[in-house]
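Structural description and commentary
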Amino acid sequence: MLFIALFVLGSCQQEEVPTVINCGDGEILVDDVCIKEKSDFEKTFDATDLMTNYTLTISIQQSADLYEMTMMVDGSKSSFEMDDQTEFFEKQGSMIDRYYPVGEGYRKESITQTENDSFHFFKDLEASWFQTVSGKYFLKTDYNDEVADFFQGEFPGSTVSNLELIVGDTYFEQIIFDVTVDSVMYRFTMTLSAVGTTTVTLPTV
Amino acid sequence: MKKLWSLLILLITIFMFVGPSVNAEMRLFITTKETEFVEGVRHTEIVGQLEYDGVTSNQVINYLGANVSQFADLNVVVGDSYKPHDSWGRGTIIAHADDIEERYPNYDVIGGVNGDFYNTSITNLNGQPQGGYIRNFENIATGVVSTRPLAGFKDDGTAVFGVPCYSGYQLLVYDEDGALKKEVAVERINDLPTANDKVTVYFDNYDMPISSTHNKVVVDAKETKMDGVRYFGSGVLLSENTIEMTVQDHQFVIVGTGFNDDDLITSLDYVVVQRKIGCGFEDVRFAVGVYDEIVKDGVPVTYLERGLDPSFKHPRTAIGQKADGTIFFVVVDGRNKPLGMDGVNLYELAQIMVYFEAVRAYNMDGGGSSTMSLKNEEGSYDILNTPSDNTVRSVSNGVFIVKGEHIPRPAPVGFPDMRIRLDKPANFFVDSNGDLRFDPVNNSLSYMVSINGTLYASDDDSFDLDLQAGEYVIRVRALADQINYKHSDFSEDFILIIHPDDVNRFINLLKEFLKREMTE
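Fair warning: this is a prediction, and the values are worked out from it, not measured in the lab.

Turning our attention to the overall build of chain A. Scanning chain A for helices and strands turns up three helices and 13 strands. Per-residue burial for chain A yields a buried fraction of 38% across its 205 residues. Surface summary for chain A: the accessible area is close to 12,300 Å², and the carbon and sulfur share equals 48%.

If you want it as structure tokens, here you go:
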């Protein structure tokens, strides 16, 4: 009897009591790990990085000269418009179809995509690189070189400065910065719009 | 012995009555002689003493010449500063040289001299040359004095000297390529035709109404020249009518029964009304009036009855031709003895031209008009001599040696023109190499590319654009053999904006970013 009793008692285990993880203020539990909850500002970086459909208007000003262009991205299709001329692109695996204007119509050619692992421009920006000055977000000067990396291929030695970021509720709204090439300064103003509603229609060739 | 004495007396008599020693040899004692070459054009300046006919004089002689028969890119061209209408006008030989380069981009004026004698009255005829004047095949002036010779220059490098002849007026209709469509005889000027198959021309010095019901083709005149006796006009079609009309300023009107019912003259054509020239001057592109023939067959002419005081020393200008085809000009300074510039008479001038190996030479306007210019390294002109007016005189015209080939004159095409016009080039774009590309045109031989109005040749349907930043209007026409096919019209405008290099590279970066943004 005693043996049976020991056997029964020995087969019982103490019931585990679930651990209650209490995250701190400003933290959220993700996969049983408390992580710092992202601010609205930080969330715009994630959302902007994930965009696959948007319109970006860009102006480049050098002294009194102003050059304006519009880039549209619609999944596998995109367009680049400047001086009333529009080029279209469509990704086809490792190749890209380029549609270029010829007379009143278009012609198509297949081109290879240039291998490029340099800084992916505004999509590689990180929230921690910014500081607020008078309520505006400016890139910390320590990170100017990170952004300048985007330009080094074409403009070795160029520098980036005064990068200001204006964010909306979900995405970036505008990025303004200066690029200096051989003592000549170019002011870039990039305005993001039509996120999720941009449509690129390829021309018929 | 008696016979011997008789022979001696005869010989003395002959020598006594030969007259002044115009056959005497000239001797030139050279103090300095300097020669330079500019673009194949030789300039020589001689300072020294000239001994001729027992008289010794101090001289400064300038020579300018080139073998235009041997080198296709050296040619003789005339220049002027004539106003397009109402009057003639004068200018310095520097202004004339500028006029040449403005009219003909294919010529770079190297140097030249003053040209013909001219009218110095204070009327609208001031500047009218005394002899003929041919500018790019157009008989602008046909000689106040009909016996004045011309020095003419053909495209093959040959020169024509002599007195031209004229046989009535001709109406020449050229198409937009400059090819002659048709030559029509003009019966008379400022009067109605005498028959249905005749054509006349009214100029704007006729201020009465033309009351006939003949066809009237009104030409917007690019240039008119008239002195009440001789007429010249060129221009493009302005309008047509059959009603009574008065010739407006800077127009001329072609009148004839049924004239132009066949659309001989269209808005694309260019018409010329001029006196028809002959006697060897038919294919002369440029000609300037000259005066006394002072060297003939390599020998100085010894009897001169024309010209400005042939026996007096003046500054002089002459044009000559060597046996090898070299055309050269000589200017001898004068009226300036303190500087050793005594001037020469025409006999001495003839001797000087022979000294420079002329086989043929003519006197030109002299005195204060005698001027010689040469382009310097800065691209402006140096006056090589010392004009006796102490300033460069404004003269009627000038004759110059230019660097640059003639643009060939298209062969006549006839009328009606049965050739097939080529299609216009189309579908322009700029490829990744920066070359202008377009669709090739069937049966074309080459292409003419116009970039903001400047013309370039292209062998095929690709043209290397080496352009600075800016906006360009590009048009292209296909060129044909002009025998079975004719050149196309210019294409529609292709507007090309070239950005500064930095901006182009920014654009390339942004496009690369764009390509990376596309998802599968």
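From this point, things continue past the structure.
What follows is about the overall build of chain B. Secondary structure summary: chain B contains four helices and 34 strands in total. Buried positions account for 53% of the 520 residues belonging to chain B. Considering only contacts in chain B between residues 6 or more positions apart, those separated by 24 or more positions represent 68%.

Glancing now at the interface of chain B and chain A. Taken residue by residue, the interface counts 25 residues in chain B and 48 residues in chain A. Of the roughly 3,400 Å² buried between chain B and chain A, counting both surfaces, carbon and sulfur atoms make up 66%. A per-residue breakdown of the area chain B buries against chain A is headed by Phe506, Arg516 and Met518 of chain B, which together make up 21% of the total. If you look at where chain B meets chain A, you find four salt bridges. A salt bridge links glutamate 87 of chain A to lysine 511 of chain B; the shortest N-O distance between them is 2.3 Å. Examining the composition of the side of chain B that touches chain A, we find that 15 residues originate from one element, helix H4 (residues 501-517) of chain B, more than from any other. Tallied by class, residues from the side of chain B that touches chain A come to twelve nonpolar, four polar and nine charged.

All names here are of chain A. Residues Asp49, Asp124, Glu126, Asp145, Glu146 and Asp149 make up a contiguous surface patch of negative charge. Among the elements that make up the negative patch, the one with the highest residue count is helix H3 (residues 144-152) (three residues). Within the secondary structure, aspartate 49 sits in helix H2 (residues 40-49). You can call aspartate 49 partly exposed: its relative accessible area is 40%.

With that settled, consider the sheet that holds strand E3 (residues 55-66) of chain B. All names here are of chain B. With respect to topology, eight strands assemble into an open sheet ordered E1-E2-E3-E21-E20-E22-E18-E19, the strand pairing being antiparallel. A single partner strand is all that each edge strand has here, and the edge strands are strand E1 (27-38) and strand E19 (299-300). In this sheet, strand E21 (residues 327-332) lies alongside E3 in antiparallel orientation, the contact comprising six bridges. In the strand pairing of E21, isoleucine 61 is matched with valine 332.

Time to look at the sheet that holds strand E6 (residues 132-135) of chain B. All names here are of chain B. Ordered by their spatial adjacency, five strands build an open sheet running E7-E6-E17-E8-E9, and the pairing between neighbours is antiparallel. Every interior strand has two partners, whereas the edge strands, strand E7 (138-142) and strand E9 (159-162), have only one. Averaged over all pairs of adjacent strands, the angle between their axes in this sheet comes to 20 degrees, without regard to strand direction. Two elements, E6 and strand E17 (residues 284-289), share three bridges in a ladder whose sense is antiparallel. The residue of E17 that forms the bridge with arginine 135 is phenylalanine 286.

Further remarks concern the confidence of the model for chain B. Residues and elements named next belong to chain B. For chain B, mean pLDDT is 93; residues scoring 70 or higher make up 95% of the total. Overall, residues 1-23 carries pLDDT values under 50, and its contacts beyond four positions in sequence, including any with other chains, amount to nine contacts. Among the prediction metrics, the complex's ipTM stands at 0.86, with pTM recorded as 0.69.

So, about a nonpolar patch on the surface. Residues and elements named next belong to chain A. Nonpolar side chains collect at one region of the surface, where Ile28, Val30, Val33 and Ile35 lie side by side and expose about 270 Å² of accessible area between them. Mapped onto the nonpolar patch, the elements with two or more residues apiece are strand E1 (27-30) and strand E2 (33-36). Checked against the element boundaries, valine 30 lands in strand E1. The class for valine 30 is partly exposed, based on a relative accessible area of 33%.

Moving on, we get to the pairing of strand E18 (residues 293-296) of chain B. Residues and elements named next belong to chain B. In the sheet, E18 pairs with strand E22 (residues 358-364) via three bridges, with the strands oriented antiparallel. Across the sheet, residue lysine 296 finds its bridge partner in E22, namely arginine 360. Of the strand pairs in this sheet, E18 and E19 are connected by two bridges, and their pairing is antiparallel. By the bridge assignment, lysine 296 is partnered in E19 with valine 299.

Before going further, it helps to spend a moment on the nonpolar core. Across soluble globular proteins, you tend to see nonpolar side chains buried next to one another. Ile100, Phe153, Ile319, Ile327, Phe329 and Val399 of chain B are the most contacted members of the largest nonpolar core, which has 50 residues in total. Once residues lying within four places of it in the same chain are set aside, the contact partners of isoleucine 319 of chain B are Ala151, Phe153, Phe161, Val290, Ile327, Phe328, Phe329, Met353, Arg360, Ala361, Tyr362 and Met364 of chain B. Judged by nonpolar contacts, the second largest core, of 48 residues, contains Phe121, Leu125 and Leu165 of chain A together with Leu510 of chain B.

Turning to the side chain of histidine 487 of chain B, a few remarks are in order. On the secondary structure map, histidine 487 of chain B appears in the loop between strand E33 (485-486) and strand E34 (494-498). Sequence-distant contacts of histidine 487 of chain B, defined by excluding residues within four places in its chain, comprise Asp177, Arg421, Leu422, Arg477, Ala478, Leu479, Ala480 and Gln482 of chain B.

Take unusual backbone geometry next. Of all residues except glycine, most have a negative phi; of all peptide bonds, most are trans. Residues and elements named next belong to chain B. Geometrically, the link from phenylalanine 415 to proline 416 is a cis peptide bond, its omega value of 0 degrees lying close to zero. Turning to its location among the elements, proline 416 is positioned in the loop between strand E25 (397-403) and strand E26 (420-421). The backbone of phenylalanine 137 shows a phi angle near 75 degrees, a positive value even though the residue is not glycine. With respect to the helices and strands, phenylalanine 137 occurs in the loop between E6 and E7. Take phenylalanine 137: its relative accessible area is 14%, and that puts it in the buried class. The backbone of glutamate 357 sits at a positive phi, close to 75 degrees, despite the residue not being glycine. Looking at the secondary structure, you find glutamate 357 in the loop between helix H3 (346-355) and E22.

To continue, consider the pairing of strand E14 (residues 231-241) of chain B. Residue and element names in this part refer to chain B. For strand E13 (residues 215-226) and E14, the ladder comprises ten bridges, and the chain directions are antiparallel. Residue pairing in the sheet places glutamate 223 in a bridge with serine 234 of E14. Joining the antiparallel neighbours E13 and E14 is a turn of four residues, in which glycine 228 adopts a positive phi near 90 degrees.

Cut-offs used in this document
Residues numbered from 1 in each chain as written. Chains lettered and ligands numbered in written order. Predicted model: local features only at pLDDT ≥ 70, side-chain atom pairs only at ≥ 80, totals over all residues. Heavy atoms only, no water. Helix = DSSP H or I, 4+ residues; strand = E, 2+ residues; numbered from the N terminus. Buried < 20%, exposed > 50% of the residue type's maximum accessible area, 1.4 Å probe, protein only. Areas by Shrake-Rupley, 256 points an atom, 1.4 Å probe, with all protein chains shown as cover. Contact = heavy atoms within 4.5 Å. Buried area = accessible area lost by both parts, 1.4 Å probe. Salt bridge = Lys/Arg side-chain N within 4 Å of Asp/Glu carboxyl O. Nonpolar A, V, L, I, M, F, W, Y, C, P; charged D, E, K, R; others polar. Patch = residues over 30% accessible without salt bridge, like charges linked within 9 Å, V, L, I, M, F, W, Y side chains within 5 Å. Lys, Arg positive; Asp, Glu negative; His and termini not counted. Charge placed at Lys NZ, Arg CZ, Asp CG, Glu CD. Pairing = 2+ DSSP bridges. Axes fitted to C-alpha atoms, helices over the stretch in contact; angles between N-to-C directions. pLDDT = per-residue confidence, 0-100. Core = buried A, V, L, I, M, F, W, Y, C linked by side-chain atoms within 4.5 Å.

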